[in-house]
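Secondary and tertiary structure notes
Here is how the chains run, residue by residue.
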Amino acid sequence: MIPIADRDFVSALCLARAGLKVDPEKAYLIESRLSPLARRECFSSTEAFIDALRHEVDDRLAWAAVEAMALPESEFFRDHRVFSQLAEEVIPVLARSRGLEPLRIWSAGCGTGQEIYSLAMLLADAPGLGKIELFASDLSERSLEKAQSGRYSQFEVQRGLPARMLVRHFEKDGESFALSPRVRQMVRWRRVNLMDDLSRVGQYDLILCRSALSQLAPEAGARVLGGLHAALAPDGLLVLGQNDSAGKAFVRAAPDMSLYAATRDAARSVA
Amino acid sequence: MKTCLVVDDSRVIRKVSRRILEDLGFEVAEASDGVEAMAWCTAVMPDAILLDWRMPAMDGLEFVKKLRAAPGGEAPKVVFCSVENEIEAIREALDAGADEYIMKPFDGGIVAGKLDYLGLLA
């Protein structure tokens, strides 16, 4: 584990450079963000890399470290109750209402894939819901690349992933854990900037957008919500993060989770 | 207050685990191997047990099998905490009666996540 003095240093660096709060207690997070960077920059260890930062060898490295720490934290089954509600209640109801049509689910802002893979594992374990198509998108090519590889570090597979899911769906491969091809192949990936016109990304019955909004300024968030509204199929549902606000275009569809349906606009309610 | 028994032959690991668990609101007891842990559990069953694998006297695997066969021994949530990180080893621990599994090295976030998943955090 990275020594606490090094973690304190990284935390202070992020605060000074970007006003970014990094909890020095989160050893796993600092390790998992900085060790790939240290390897890429040809350092023998993460500690050696942090040592170079401390001695201000190269300012570019300091910024690269801050950027790596600034990526949103991603974990399997984040807020695990949301996933059991989706798998046990929301998805079966939606699937029934779609009949023979495939149910289309989109993880918008999927990061390194933990959210959509969590859902994929649940669905793989509960066959019989009919045909379900899983899509995932992110702005970052690097995140998408990692997501598609389905390879996670020991720290990452311990964040939110129940041990029984780990033994059922992963194989050890060197130092990493590789998700089974069966689950990986359930997901289709593409790069999408949520700020772009989303009327051309297709229509989805269930959209998960649980981490992007909290990182956006209010105007940008409103624009993204407008886009998601356009991409939501009639009677489709949207899942946001716990503290996100859905705005006027959506109404809450469940009392105990951040599940929303599109507000029927005037034209539609008249028709 | 919920109770957690930390079973590990390393005093350093017991100290680290104690700090994490106390921060999460647990009352913590310590044992240095399976025999000592079994003596604790016979007196009073804890709510949770953080259990090392490789220990002298009685190892974690033997302990969890004995615990599950003992009166009231199905109640505690048992979380293995070991350097063993092969899938087969983890499966063996779960099959023997463990509820969850942590691979060392670990941190407070991982422990909190596992205990929350097992319903032990209010």
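Here we look at the overall build of chain A
Along its length, chain A carries 11 helices and 10 strands. Its C-alpha atoms give chain A a radius of gyration of 20 Å, near enough to 18 Å, the size a compact globule of 271 residues would have. For chain A, the spread of C-alpha atoms along the principal axes amounts to about 70 × 40 × 30 Å. The buried share of chain A, reckoned over its 271 residues, is 39%. Here the analysis covers contacts within chain A between residues at least 6 apart in sequence; of these, 68% occur between residues at least 24 apart.

What about the environment of Asp99 of chain B?
Residues and elements named next belong to chain B. On the secondary structure map, Asp99 appears in the loop between α4 (87-95) and β5 (100-103). Note on Asp99: 21 C-beta atoms within 10 Å, which makes it buried. Sequence spacing of Asp99 and Val78 is 21 residues, and the spatial spacing of their C-alpha atoms is 5.3 Å. Among residues more than four places away in sequence, those in contact with Asp99 are Lys77, Val78, Val79 and Leu118.

Quick notes on the sheet that holds strand β4 (residues 77-82) of chain B
Residues and elements named next belong to chain B. Strand order in the open sheet formed by 5 strands is β2-β1-β3-β4-β5, with parallel pairing between adjacent strands. Both outer strands of the open sheet, β2 (27-31) and β5, are each paired with one neighbouring strand and no more. Direction aside, neighbouring strands of the sheet carry axes that sit 20 degrees apart on average. As judged from the 4 bridges shared by β4 and β5, these two strands associate in the parallel manner. Bridge assignment links Ser82 to a residue of β5, and that residue is Met103. Its contacts with the sheet place helix α1 (residues 11-23) against β1 (3-7), β2 and β3 (48-51), and it is angled at close to 165 degrees to β2.

What to know about the environment of Leu50 of chain B
Residue placement: Leu50 of chain B occurs in strand β3. It is 8.4 Å that separates the C-alpha atoms of Leu50 of chain B and Ser17 of chain B, two residues lying 33 residues apart in sequence.

Quick word on the confidence of the model for chain A
Residue and element names in this part refer to chain A. Per-residue confidence for chain A gives a mean pLDDT of 90; residues scoring 70 or more make up 97%. When pLDDT is averaged over each element of chain A, helix α8 (residues 163-169) comes out on top at 98 and helix α11 (residues 266-270) at the bottom at 38. Residue range residues 266-271 is modelled with pLDDT below 50. Its contacts to residues more than four positions away, or to other chains, number 1 contact.

Quick word on the sheet that holds strand β3 (residues 151-152) of chain A
Residue and element names in this part refer to chain A. In spatial order, the strands read β3-β5-β4; together these 3 strands make up an open sheet with antiparallel pairing. Strand pairing shows two members of the sheet lacking a second neighbour, β3 and β4 (170-173), which therefore form its edges. Pairing of β3 with strand β5 (residues 176-179) involves 2 bridges; the strand directions are antiparallel. By the bridge assignment, Tyr152 is partnered in β5 with Phe177.

Some remarks on the nonpolar core
Note that soluble globular proteins tend to have their nonpolar side chains buried in a common cluster. Within the largest apolar cluster, 108 residues are counted, with the highest numbers of intra-cluster contacts made by Ile207, Leu228 and Leu238 of chain A together with Leu51 of chain B. With 6 residues, the top contributor of residues to this core is helix α2 (residues 27-40) of chain A. If you count residues domain by domain, this core takes at least three from each of domain 1 (4-70) and domain 2 (80-270) of chain A. If near-sequence neighbours (up to four positions away) are discounted, Ile207 of chain A is found in contact with Trp106, Ala108, Leu228, Ala231, Leu232 and Leu238 of chain A.

So, the domain arrangement of chain A
Splitting chain A by domain gives domain 1 (4-70) and domain 2 (80-270). Domain 1 of chain A and domain 2 of chain A are separated by 30 Å when their C-alpha centres are compared.

Here we look at the interface of chain A and chain B
Listed by partner, the interface residues are 18 residues for chain A and 17 residues for chain B. For the side of chain A that touches chain B, the elements supplying multiple residues, two or more each, are α2, α8 and β4 of chain A. Broken down by element, the side of chain A that touches chain B gets its largest block of residues, 4 residues, from α8 of chain A. Taken together, the residues that form the side of chain A that touches chain B break down as 8 nonpolar, 4 polar and 6 charged.

Looking at the pairing of strand β2 (residues 132-138) of chain A
Residue and element names in this part refer to chain A. Of all 7 residues in β2, 6 are buried, a share of seventy percent or more. Here strand β1 (residues 103-108) runs beside β2; their pairing, made up of 6 bridges, is parallel. Within β2, the position partnered with Ile105 by the bridge is Leu134. Crossover connection from β1 via helix α6 (residues 114-125) to parallel β2: handedness right-handed. Across 5 bridges, the pairing between β2 and strand β6 (residues 187-191) is parallel. Paired with Phe135 across the strands is Arg188, a residue of β6.

Regarding the packing of α2 of chain A against helix α4 (residues 59-70) of chain A
Residue and element names in this part refer to chain A. One can describe the packing of α2 onto α4 by two numbers: an axis separation of 9 Å at closest approach and a directional angle of 140 degrees. Considering their axes alone, α2 and α4 lie oblique with respect to each other. α4 is crossed by α2, and the crossing has right-handed handedness. Residues Arg33, Leu34 and Leu37 of α2 form the contact with α4, whose own contacting residues are Ala64, Ala65, Ala68 and Met69.

Concerning unusual backbone geometry
Look at the link from Lys104 of chain B to Pro105 of chain B: it is a cis peptide, with omega at 0 degrees. Tracing the backbone shows Pro105 of chain B in the loop between β5 and α5 (108-117). Although it is not a glycine, Cys42 of chain A adopts a positive phi angle of roughly 65 degrees. By the C-beta count within 10 Å, which is 8 here, Cys42 of chain A ends up exposed. Of note, Asp235 of chain A is a non-glycine position whose phi angle comes to about 65 degrees, a positive value.

The rules behind each value
Residues numbered from 1 in each chain as written. Chains lettered and ligands numbered in written order. Predicted model: local features only at pLDDT ≥ 70, side-chain atom pairs only at ≥ 80, totals over all residues. Helix = DSSP H or I, 4+ residues; strand = E, 2+ residues; numbered from the N terminus. Rg over C-alpha atoms; globule rule 2.2 N^0.38 Å. Buried ≥ 20, exposed ≤ 12 C-beta atoms within 10 Å, placed from the backbone. Contact = placed C-beta atoms within 7 Å. Pairing = 2+ DSSP bridges. Axes fitted to C-alpha atoms, helices over the stretch in contact; angles between N-to-C directions. pLDDT = per-residue confidence, 0-100. Core = buried A, V, L, I, M, F, W, Y, C linked by C-beta atoms within 7 Å. Domains from an automatic or database assignment. Nonpolar A, V, L, I, M, F, W, Y, C, P; charged D, E, K, R; others polar. Right-handed = clockwise from strand over helix to strand, strands pointing away. Parallel < 35°, antiparallel > 145°, perpendicular 65-115°, else oblique. Left-handed = near helix turned anticlockwise from the far one by under 90°.

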